[in-house]
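# Structure assessment
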Number of protein chains: 2
Amino acid sequence: MSTLNLTLLTDLYELTMMQGYFKNHNQDVVVFDAFYRNNPCDGGYSVCAGLAQVIDYIENLHFDADDINYLRSLKIFDEDFLEYLSNFKFSGDIYAVPEGSLIFPREPLVKVVAPIMEAQLIETAILNIVNHQCLIATKAARVCYAAKGDNVMEFGLRRAQGPDSGTYGARAAVIGGCNGTSNVLAGQMFHVPVLGTHAHSWIMSFPDEYTAFRKYAELYPSACILLVDTYDTLKSGIPNAIRVFTEMRDAGIPLTYYGIRMDSGDLAYLSKQVRKMLDEAGFPDAVISASNDLDEYLIESLKLQGATISSWGVGTNLITSKDNPAFGGVYKLAAIRTADGSFQPKIKLSENVEKVTNPGNKTFYRVYDKKTGKIKADLICLYDETFDESEDLKLFDPNAPWKKTRLPGGSYTLREMLIPVIKNGKTVYTSPSVMEIREICNHEKDTIWDETKRFVNPQEIYVDLSQKLYDMKTALLNEMSMDS
Amino acid sequence: MSTLNLTLLTDLYELTMMQGYFKNHNQDVVVFDAFYRNNPCDGGYSVCAGLAQVIDYIENLHFDADDINYLRSLKIFDEDFLEYLSNFKFSGDIYAVPEGSLIFPREPLVKVVAPIMEAQLIETAILNIVNHQCLIATKAARVCYAAKGDNVMEFGLRRAQGPDSGTYGARAAVIGGCNGTSNVLAGQMFHVPVLGTHAHSWIMSFPDEYTAFRKYAELYPSACILLVDTYDTLKSGIPNAIRVFTEMRDAGIPLTYYGIRMDSGDLAYLSKQVRKMLDEAGFPDAVISASNDLDEYLIESLKLQGATISSWGVGTNLITSKDNPAFGGVYKLAAIRTADGSFQPKIKLSENVEKVTNPGNKTFYRVYDKKTGKIKADLICLYDETFDESEDLKLFDPNAPWKKTRLPGGSYTLREMLIPVIKNGKTVYTSPSVMEIREICNHEKDTIWDETKRFVNPQEIYVDLSQKLYDMKTALLNEMSMDS
């Protein structure tokens, strides 16, 4: 992505609105929040990803001569505005949740504080990047949870929604917990492990399956995973694989990482038969890996059925998040800075109560239980509110304010989740490597209980509002309902 | 895409297999077919798209020094193979179905005839590109069918699975029938119309809705679509819009293209109320457009309910093909050229009869009824078979060979669907513009009946095999089943 200028990766209305602000001399500094409303797949959490690409995008944001000429050709933009665009640079501030963090609905994941023209322009690209990578990282975390520590490989490039979808999707999948990807370009771009062996066509290009296996084993003896289902897994594939492994053993070739892959059939039944055949032939450490339309539900089911698979190649259903292929993040105006430097809160009404936005210039804190290290709740508040960990913390459900709880001082710790990544247009944050983010995410997964990770009716993590923010929101709502 | 080197956009196993073929001095010329097995969304057809990007990819295919260094760093490739890669150029032939064509399951959409090393390498990228664009073009055709000639705009960039997904997705959406896209980069890259007006944030950035509308109308009087649901569509949005349209009329400003957009609420009910209010105020030609999680089913339902919407902005559900986000195309070895130049057919067995591949070097013909111009059937055959339109054509269902039909000579026409696009590594085909492909696709839609276009239980278009191909396949299957 860094080699492509994504400046025009935006909805036309961002530019028509920009010209409107320009013509009206509107140089207001505003606050926009990017947030989402529901976890994918009815899950209990999501995984934050995509920030490094958001930063790349902002750093490369400029209208080159081709862009200006193209916009001029649309005959809706005036020369003074095009002149402004040709000198455009982003000058605002961006705060964001670090990649790999667990996130929950309604929390600001990215906060932009910038002149309205600039903040408006970047809406679409930020949402595109964050929506995509959060979605795939979340799906990967779910798949890895089902796999209970087994290897999970991202194998979906051929079914991804275009090149970027495969490449940035692989990045997000590794962040969410995958051990590697089949996508070589993702490996090159993000320094993540690339994995894979051979396809059915390798087998079919030789006169017989045994010869194909033997040739493969000669080439790659130290990572020898043989695909056994081209003709018949139990009658042909496994006997031929055992013959080749036996020949390797007899020839004194060390069998370090070896085994088989199945890409079809009843994986529960077959894997048990295959395990038995391999064990009886003296190959108890041969890996059994599987692919074929896997997802978290199928892996969980196969585990329950006693399948002996220890390595999972997950393609289509992960790279597209097939049962929930959109994250649904939105970007909403939350405040406008007034002449005195304070922030006038803005609210978007909706007939659907869940869709009413949280107004004001905000941040949010994660409240951890000091003893267990688990998340007690998240607390959205105004950006300048302070809390003292030695004092009691009162929390209440903003949708049912009578449901209150009090955490004794000293029993909890607070972590501010939004951190500055760009200040006055300059990047002030260095993204960790993808493998480091993966580590961060693995630690983050330990901060929620299994009850929140399960797939059916997960326990919700409460996202509360501070009393001050709640009061401001209520006052604004009352004010507006009196208007109508 | 043309500015990015996508050579490493491939699964690692393509490269490990390539090295295997290289080491085994396997220079066999082979035939690979890309095809799919099921139409998305249980539909009756699909739309072919993505060929221009496949050609771009092949033309740019080369391993630069960074690529070679990266592959060397993986420590699985030998220097002689890396040396070969550094001089790699695609030297084979590619045949493909032109973009915009209607396509049906099991037909070869792309046929690669090339040395096995080359044909293997390009599998992943071809599938990635073709799977993505066929998927979105097909979804767009369905959405446009539901809209019955109304304007349909592609609005999904922010929910697309990454930048390319938005941009190439917009391209495919226009091919499938959309009138334009909100995506400015897609507009620039593919010379397609870009569309859009303003967001809720425009309204919220002004002291009140009326002022926001008035300012917008001043700026864009000739394309003045006002978003009316920021506060309350019927109580606030429509009265303010009518006030602004009235002021424009009174000021003598020509109301050429104007109206409103709704992005929430009950669109059936609201659109009828809105139409009444606009008509009563003397604006019967004001456009009513709508967005908000639309898809083909919702548009069909709104039409049935008498909604007065004539312009549809379709986002998430189109750009991700939400209810069916993967096309499922595969790429299978079909034949190997022998020393005498003939093609030895190859078949991939499967316990699932539907998954058994069609062997041999093939092409396929579309059989049109001469009188109606509609498709009678498609006929897959060997590449060197010939047919005479003046003679009777015998067709039979390959899954039920006793179901036969005979078309009298002179009553049908034949069109070969696979055309050469690359010969000996050189492009011999010029892609039409995207808007031309959209026209082609619109004509193609007239070659099937409504019964095939409907969403529930569509009538299937038969894809038959020639007698010669059927006999070859049967013989191969018998031969293999005797082996096991």
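Not measured: the values here are computed from a predicted model.

### Thoughts on the overall build of chain A
The secondary structure content of chain A amounts to 17 helices and 21 strands. Looking at chain A residue by residue over its 484 residues, the buried ones come to 62%. Restricting the contact set of chain A to residue pairs at least 6 apart, pairs at least 24 apart contribute 72%. Seen as two clouds, the 48 positive and the 63 negative side-chain charges of chain A have centres 3 Å apart.

### Focus on the interface of chain B and chain A
Between chain B and chain A, the contact holds 92 residues from the first and 92 residues from the second. A buried area of about 7,800 Å², summed over both sides, lies between chain B and chain A, and 59% of it is on carbon and sulfur atoms. Considering only the surface of chain B that becomes buried against chain A, B:R158, B:Q161 and B:M204 emerge as the three largest contributors, covering 11% of it. Inspection of the region where chain B meets chain A yields 6 salt bridges. Counting the contacts that link chain B with chain A gives 44 residue pairs in polar contact (both at pLDDT 80 or more). Per-element tally for the side of chain B that touches chain A: the top contributor is helix α1 (residues 12-23) of chain B, with 10 residues. A class-by-class count of the residues in the side of chain B that touches chain A yields 43 nonpolar, 32 polar and 17 charged.

### Re helix α7 (residues 163-176) of chain B
Residues and elements named next belong to chain B. For α7, spanning 14 residues, the distance from its first C-alpha to its last is 20 Å, which sits close to the expected 20 Å at 1.5 Å a residue. Of all 14 residues in α7, 14 are buried, a share of seventy percent or more. Taken from the residues just after α7, G177 is the one with a positive phi, measuring 135°.

### With respect to the nonpolar core
Judged by nonpolar contacts, the single largest core of 300 residues is most densely connected at A:V112, A:I122, B:V112 and B:I122. With residues up to four places along the chain from it excluded, the contact list for B:I122 reads B:Y57, B:I58, B:L61, B:F90, B:I94, B:V112 and B:Y331.

### Side note on the domain arrangement of chain A
Each assigned domain of chain A is listed here: domain 1 (12-136 + 325-483) and domain 2 (197-292). Centre-to-centre separation of domain 1 of chain A and domain 2 of chain A, based on C-alpha positions: 49 Å.

### A closer look at the UniProt feature "domain: Nicotinate/nicotinamide phosphoribosyltransferase" (unreviewed entry) in chain A
The positions UniProt marks with the feature "domain: Nicotinate/nicotinamide phosphoribosyltransferase" (unreviewed entry) are residues 152-336 of chain A. The annotated region residues 152-336 of chain A carries 44% helix and 16% strand content, and the separation between its end C-alpha atoms amounts to 46 Å.

### Digging into helix α13 (residues 296-304) of chain B
Working note: α-helix, 3.6 residues per turn, so residues spaced by three or four point in the same direction. Residues and elements named next belong to chain B. Residues of α13 that are buried: E296, I299 and L302. When α13 is viewed along its axis, its buried side chains cluster within an angular range of 130° and face the same direction. Among the structural elements, α6 (123-147), α12 (267-280) and β11 (311-314) are those in contact with the buried residues of α13. Capping of α13 at its N-terminal end is provided by D295; its side-chain oxygen lies 3.1 Å from the backbone amide nitrogen of Y297.

### A few points about the relation of the copies chain B and chain A
For the pair chain B and chain A, the superposition axis carries a translation of 0.0 Å, the fit reaches an RMSD of 0.0 Å, and the rotation angle comes to 180°. Look at the turn and shift together and you get a two-fold axis relating the two. Taking C-alpha positions as reference, the residue of chain B nearest the rotation axis is B:D164, located at 2.7 Å. In this assembly, 100% of the residues forming the interface of chain B have copies in chain A that are likewise at the interface, indicating an isologous arrangement.

### Here we look at the sheet that holds strand β10 (residues 287-290) of chain B
Residues and elements named next belong to chain B. Taken together, the 6 strands give an open sheet; going across it, the order is β7-β6-β11-β10-β9-β8, and neighbouring strands pair in parallel fashion. Lying at the two open borders of the sheet, with one neighbouring strand each, are β7 (180-181) and β8 (224-227). The sheet contact formed by β8 and strand β9 (residues 258-262) spans 4 bridges and is parallel. Directly across from I225, in β9, lies its bridge partner G259.

### Digging into the packing of helix α2 (residues 51-59) of chain B against α6(B)
Residue and element names in this part refer to chain B. Where α2 meets α6, the axes come as close as 9 Å, and the angle between the chain directions of the two elements is 160°. The angle between α2 and α6 places the two elements in the roughly antiparallel class. α2 and α6 meet at a crossing whose hand is right-handed. On the side of α2, the interface is formed by Q53, V54 and Y57, while α6 contributes A125, I126, I129, V130 and Q133.

### Observations concerning the layout of surface pockets
In this structure, the second largest pocket spans a volume of roughly 1,200 Å³. Lining the second largest pocket are 50 residues, with A:R159, A:N292, A:D293, B:R37 and B:V330 positioned closest to its centre. Of the residues assigned to the lining of the second largest pocket, the class counts are 16 nonpolar, 20 polar and 14 charged.

### Considerations on the UniProt feature "domain: Nicotinate phosphoribosyltransferase C-terminal" (unreviewed entry) in chain A
UniProt tags residues 362-473 of chain A as "domain: Nicotinate phosphoribosyltransferase C-terminal" (unreviewed entry). Summarising residues 362-473 of chain A: 21% helix, 39% strand, and an end-to-end C-alpha distance of 12 Å.

### What about the sheet that holds strand β14 (residues 362-369) of chain A?
All names here are of chain A. Pairing within the open sheet is mixed, and its 4 strands lie in the order β18-β14-β15-β21. Every other strand in the sheet has two partners, leaving β18 (412-416) and β21 (463-465) as the edge strands with one partner each. With strand direction ignored, the average angle separating the axes of adjacent strands in the sheet is 30°. Direction of pairing for strand β15 (residues 375-382) relative to β21: parallel, over a ladder of 3 bridges. Each residue of the ladder has a partner; that of L379, found in β21, is D464.

### Notes on the packing of helix α10 (residues 209-219) of chain B against helix α11 (residues 233-250) of chain B
Residue and element names in this part refer to chain B. Two elements in contact, α10 and α11, have axes whose closest approach is 9 Å; the angle formed by their N-to-C orientations is 40°. On the basis of the axis angle, α10 is oblique to α11. The two elements α10 and α11 meet at a crossing, and its hand is right-handed. Within the contact between the two elements, α10 uses E209, Y210, F213, R214 and A217 and α11 uses S236, G237, N240, A241, R243, V244, E247 and M248. Its residues assigned to classes, the contact of α10 with α11 shows 6 nonpolar, 3 polar and 4 charged.

### Concerning the environment of B:K445
All names here are of chain B. Following the sequence through the fold, K445 ends up in helix α15 (residues 434-445). For the pair K445 and D388, spaced 57 residues apart in sequence, the C-alpha to C-alpha distance is 26 Å. Each residue touching K445, except ones within four places of it in the same chain, is listed here: L102, A141, G176, G177 and K453. Within the structure, K445 has its side chain in polar contact with the backbone oxygen of G176 (distance 2.7 Å).

Reading the values: the criteria
Residues numbered from 1 in each chain as written. Chains lettered and ligands numbered in written order. Predicted model: local features only at pLDDT ≥ 70, side-chain atom pairs only at ≥ 80, totals over all residues. Heavy atoms only, no water. Helix = DSSP H or I, 4+ residues; strand = E, 2+ residues; numbered from the N terminus. Buried < 20%, exposed > 50% of the residue type's maximum accessible area, 1.4 Å probe, protein only. Contact = heavy atoms within 4.5 Å. Lys, Arg positive; Asp, Glu negative; His and termini not counted. Charge placed at Lys NZ, Arg CZ, Asp CG, Glu CD. Buried area = accessible area lost by both parts, 1.4 Å probe. Salt bridge = Lys/Arg side-chain N within 4 Å of Asp/Glu carboxyl O. Polar contact = N/O pair within 3.5 Å; in protein donor to acceptor, adjacent residues only side chain to side chain. Nonpolar A, V, L, I, M, F, W, Y, C, P; charged D, E, K, R; others polar. Expected span 1.5 Å × (residues − 1). Core = buried A, V, L, I, M, F, W, Y, C linked by side-chain atoms within 4.5 Å. Domains from an automatic or database assignment. UniProt positions renumbered as here; feature names shortened; annotations may be inferred. Arc of directions from axis to C-beta. Least-squares fit on C-alpha atoms with pLDDT ≥ 70 in both. Pairing = 2+ DSSP bridges. Axes fitted to C-alpha atoms, helices over the stretch in contact; angles between N-to-C directions. Parallel < 35°, antiparallel > 145°, perpendicular 65-115°, else oblique. Left-handed = near helix turned anticlockwise from the far one by under 90°. 1 Å grid on protein atoms, 1.4 Å probe; cavity = no way out; pocket = protein on both sides within 12 Å on 5 of 7 lines; lining within 4 Å. Points joined across faces, edges and corners; volume = space filled by probe spheres on them.

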